[in-house]
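Each chain, letter by letter, is given below.
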Amino acid sequence: MTQTPSTRTLYAPAAPLTGVRTAVELLLGLSFLVTVSSAGYGAATGQMSVVAQVGAVVFLVTLTCALVSWFRTADGEPSDC
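Residues numbered from 1 in each chain as written. Predicted model: local features only at pLDDT ≥ 70, side-chain atom pairs only at ≥ 80, totals over all residues. Heavy atoms only, no water.

So what's going on with the pattern of salt bridges? Which residues, and what values?
Counted under the stated rule, the structure contains one salt bridge. Its salt-bridge partner being Glu25, residue Arg21 comes within 3.5 Å of it at the nearest N-O pair. Taken together, the residues span about one helical turn, with Arg21 and Glu25 both in helix α1 (residues 19-45) at a distance of four residues. (Salt bridge = Lys/Arg side-chain N within 4 Å of Asp/Glu carboxyl O. Helix = DSSP H or I, 4+ residues; strand = E, 2+ residues; numbered from the N terminus.)

Laid out in structure tokens, this is it:
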């Protein structure tokens, strides 16, 4: 008994990569680097850093925005079931 191969259609993302989405993703990476580096410096010197705290808040906000954007795009694709 032979099986016929099924064809799969590749779907493009529902939302194209816009300038705002690109800026959010770049800010996500930048805020992560700032947070980690300033927190590491604060841990090495034994002083609390306001920059690390602000960077952490910016990182969490941009992470939330990026995740919502990524999953909203994934919801628009048809399922394989």
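On we go.
Would you mind going over the packing of aromatic side chains in detail, with residue names and values included?
Summed over all chains, the structure comprises one aromatic pair. Summarising the aromatic geometry, the rings of Phe32 and Phe59 are spaced 5.6 Å apart at their centres and angled 50° between planes, so their arrangement reads as tilted. On the criterion of sequence distance, the pair formed by Phe32 in helix α1 and Phe59 in helix α2 (residues 50-75) is long-range, its members being 27 residues apart. (Phe/Tyr/Trp six-rings, centres within 6.5 Å; stacked < 30°, edge-to-face > 60°.)

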